Amino acid sequence: MNTRHPELLRRHNPNPILTAADWPYPVHSVFNPGAALLPDGTTLLLCRVEDRRGLSHLCAARSANGIDHWRIDPRPTLVPDPEHYPEELWGIEDPRITFVPELNKYAVVYTAYTRDGPGVALALTEDFRRFERLGEIMSPEDKDAALLPHRIGGQWVLIHRPVSALEAHMWISYSTDLRHWGSHKLMLEARRGAWWDANRIGLSTPPIETPQGWLVIYHGVRRTAAGCLYRLGLALFDLTAPERCLKRGDEWFFGPEEPYERHGDVGYVVFPCGCTVAPDGDTLRVYYGAADMSIALATGSISAMLEWLEQHSG
Ligand code: BMA
């Protein structure tokens, strides 16, 4: 019997690919980047950068091969603007990027750290230099959000993760104007008890559209006596009714193993917010925050993930 777990995501060597030491200005840590593949083939990462006050802003890094020789903006790319957007009082974090063909713009959905906790904010951009803010679209406490790339049944679709007293599940909401959201539906529930994804889950990268459905990488937070473990699982959702779960993997498939994932400001965390799909339509590059300290890369195959889900959904 083969007792080894299949490796659905292979870590780049050397990882991490970006750290605070690479930054052109003084920063404390860089992690949890959103990702986009630009039309000219450039990989863009919109990185969460934490300064020494403890507040985060976003900074773009560009690379021709998506691996190295990153060109990092010399100054912060998108900074909190609490004067005009009070919800950004304590910083902006964890961007998730979706290209929206209908608008010919990228939607950047990010966490705005408000006086009342984290909420969800949306900005549109064509070039990652100028941004049009639509403001806070989900009130606190809510985060781990991303927009789907096109309307379904005439409505825009947002996945997000509101928090109740004890539990945090993934929800889906609909809108006709990107500003006002309703028709809220529970999309994926955290499991209970000893499960790796008990009590608290959230979207990782924006969903990946495949002929079989929306492939979703999500994180599960397992609370232990020693702290929290952030690990990744897979689920598949209906293309035309994305709140309908078709398959859900029982086991996590990627978790903190390497020293840079186990040690940092928040150890035992792998936290992807962005991925790119290569022109072959199958090769997936996942960019993830490691231990809330640095940015790492792992590569996988969409068809292998779908195959795994076929075999591992209970
Ligand atoms: C989550 C988010 C992430 C962070 C992770 C681990 O709740 O706040 O930004 O990486 O916790 O600290």
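The text that follows walks through the structure, step by step, so that each part is easy to find. Numbering of residues begins from 1 in every chain and follows the order in which that chain's sequence is written. Local features are withheld for residues below a pLDDT of 70 in this predicted model, meaning they are given only at 70 or higher, and side-chain atom pairs are given and counted only at 80 or more; totals for whole chains, interfaces and linings count all residues. As a rule here, side-chain values cover all heavy atoms of the structure and leave hydrogens and water aside.

1. Looking at the overall build of the protein chain
Each helix and strand counted, the protein chain has two helices and 21 strands in total. In this description the radius of gyration comes from C-alpha coordinates, and the expected globular size is given by 2.2 Å times residues to the power 0.38. Relative to its length of 314 residues, the protein chain is compact, with a C-alpha radius of gyration of 18 Å against a globular reference of 20 Å. Across its three principal directions, the C-alpha atoms of the protein chain cover 55 × 45 × 45 Å. The buried label applies to any residue whose accessible area, calculated with a 1.4 Å probe on protein chains only, is under 20% of its type's maximum; exposed applies above 50%, and partly exposed to all values in between. The buried share among the 314 residues of the protein chain stands at 55%. The charged-residue count follows a simple rule in which Lys and Arg add positive charge and Asp and Glu add negative charge, with His and chain termini not counted at all. Charge positions are represented by NZ for Lys, CZ for Arg, CG for Asp and CD for Glu. Averaging the positions of the 31 positive and the 40 negative side-chain charges in the protein chain gives two centres separated by 2 Å. Helix numbering and strand numbering both begin at the N terminus, where a helix is a DSSP run of H or I of at least 4 residues and a strand a DSSP run of E of at least 2.

2. Details of the site of the ligand
The full set of residues close to the ligand is Asn32, Arg48, Asp94, Lys143, Tyr230, Val266, Val269, Phe271 and Asp292. Under the rule applied, a polar contact is a pair of N or O atoms within 3.5 Å (in protein, one hydrogen donor and one hydrogen acceptor; residues adjacent in sequence only if both atoms are side-chain atoms). The separation between an oxygen atom of the ligand and a polar side-chain atom of Arg48 is 2.8 Å. Note on areas: these come from Shrake-Rupley sampling with a 1.4 Å probe, and a residue is covered only by the protein chains present in the view. If the ligand stood free it would expose 310 Å²; the protein chains cover 84% of that surface. Lining residues are those with an atom within 4 Å of a point, where the points come from a 1 Å grid over the protein atoms alone and group into cavities, where a 1.4 Å probe fits but cannot get out, or pockets, open sets with protein on both sides within 12 Å along at least five of seven lines. Any molecule with more than half of its atoms within 2 Å of a cavity's or pocket's grid points is counted as sitting in it. Among the cavities detected, the one that contains the ligand is the second largest pocket. A per-class count over the shell around the ligand returns four nonpolar, one polar and four charged. In these notes, residues near a molecule or strand are those with any non-hydrogen atom within 4 Å of it. Side-chain classes follow a simple rule in which Ala, Val, Leu, Ile, Met, Phe, Trp, Tyr, Cys and Pro form the nonpolar group, Asp, Glu, Lys and Arg form the charged group, and the remainder, Gly included, forms the polar group.

3. A few points about the sheet that holds strand S7 (residues 105-114)
Across the sheet, which stays open at both edges, the four strands sit in the order S6-S7-S8-S9 with antiparallel pairing between neighbours. What marks the edges here is a single partner per strand, and that holds for strand S6 (92-100) and strand S9 (131-138). Pairs of neighbouring strands in the sheet enclose a mean axial angle of 25°, with direction left out of account. Note: two strands are recorded as paired if DSSP finds a minimum of 2 bridges between them. Here an angle of 0 to 180 degrees is reported between the N-to-C directions of two axes, which are lines fitted to C-alpha atoms, with helices fitted over the stretch in contact.

4. Re empty space enclosed by the protein
Grid points are joined across faces, edges and corners, and a volume is the space filled by probe spheres set on the points. According to the stated counting rule, one finds one cavity of 30 Å³ or more in the structure shown. Along its surface, the largest cavity is lined by Asp94, Arg96, Val109, Tyr110, Thr111, Gly119, Val120, Lys143, Asp144 and Ala145. Breaking the lining of the largest cavity down by element, the ones donating at least two residues are S6, S7, strand S8 (117-125) and strand S10 (142-147). Per-class residue counts for the lining of the largest cavity are four nonpolar, two polar and four charged.

5. What to know about the nonpolar core
Throughout, nonpolar core names a set of buried Ala, Val, Leu, Ile, Met, Phe, Trp, Tyr and Cys residues whose side chains join them through atoms within 4.5 Å. If you look at the biggest cluster of nonpolar residues, it comprises 24 residues, and the most contacted ones within it are Leu215, Leu234, Phe253 and Met305. Of all the secondary structure elements, the ones that give two or more residues to this core are strand S16 (213-224), strand S17 (227-237), strand S19 (270-277), strand S20 (283-290), strand S21 (294-301) and helix H2 (302-312). The leading source of residues in this core is H2, at five residues. For Met305, the contacting residues outside a window of four places in its chain are Leu8, Leu9, Leu215, Ile217, Leu234, Phe253 and Leu284. Contact criterion: two residues are considered in contact whenever any of their non-hydrogen atoms come within 4.5 Å of each other.

6. Quick notes on the side chain of Ser56
Its location among the elements puts Ser56 in strand S4 (residues 56-63). At 3.0 Å, the side chain of Ser56 and the side chain of Arg48 are in polar contact. In this structure, Ser56 is in contact with Arg48, Val49, Glu50, Pro80, Trp90, Gly91, Ile92 and Glu93, ignoring residues within four places of it in sequence.

7. A short note on the layout of surface pockets
If you add up the space inside the largest pocket, you get close to 530 Å³. Surrounding the largest pocket, 19 residues form its lining, Ile97, Thr98, Phe99, Cys275 and Val277 being those nearest its centre. Among the secondary structure elements, those contributing two or more residues to the lining of the largest pocket are strand S2 (29-37), S6, strand S15 (208-210) and S19. The element that contributes the greatest number of residues to the lining of the largest pocket is S19, accounting for four residues. Grouping the constituent residues of the lining of the largest pocket by class yields 15 nonpolar, three polar and one charged.

8. What to know about the sheet that holds strand S12 (residues 170-175)
What the four strands build is an open sheet, ordered S10-S11-S12-S13; its pairing is antiparallel. Every other strand in the sheet has two partners, leaving S10 and strand S13 (182-188) as the edge strands with one partner each. Averaged over neighbouring strand pairs, the angle between their axes works out to 25° when direction is ignored. Bridging between S10 and strand S11 (residues 156-162) involves four bridges; their strand directions are antiparallel. By the bridge assignment for S11, Ala146 is matched with Ile159.

9. Quick word on the pairing of S17
The two faces of the sheet receive side chains in turn, since in a regular strand these alternate between them. Counting buried positions along S17 gives nine out of eleven residues, so the element sits mostly inside the fold. Two elements, S16 and S17, share eleven bridges in a ladder whose sense is antiparallel. Opposite Ile217, over in S17, you have Leu234 as the bridge partner. Taking the residues that link successive antiparallel strands as the turn, the S16-S17 hairpin has two residues.

Everything listed here is a matter of geometry and, on its own, says nothing about what the molecule does.
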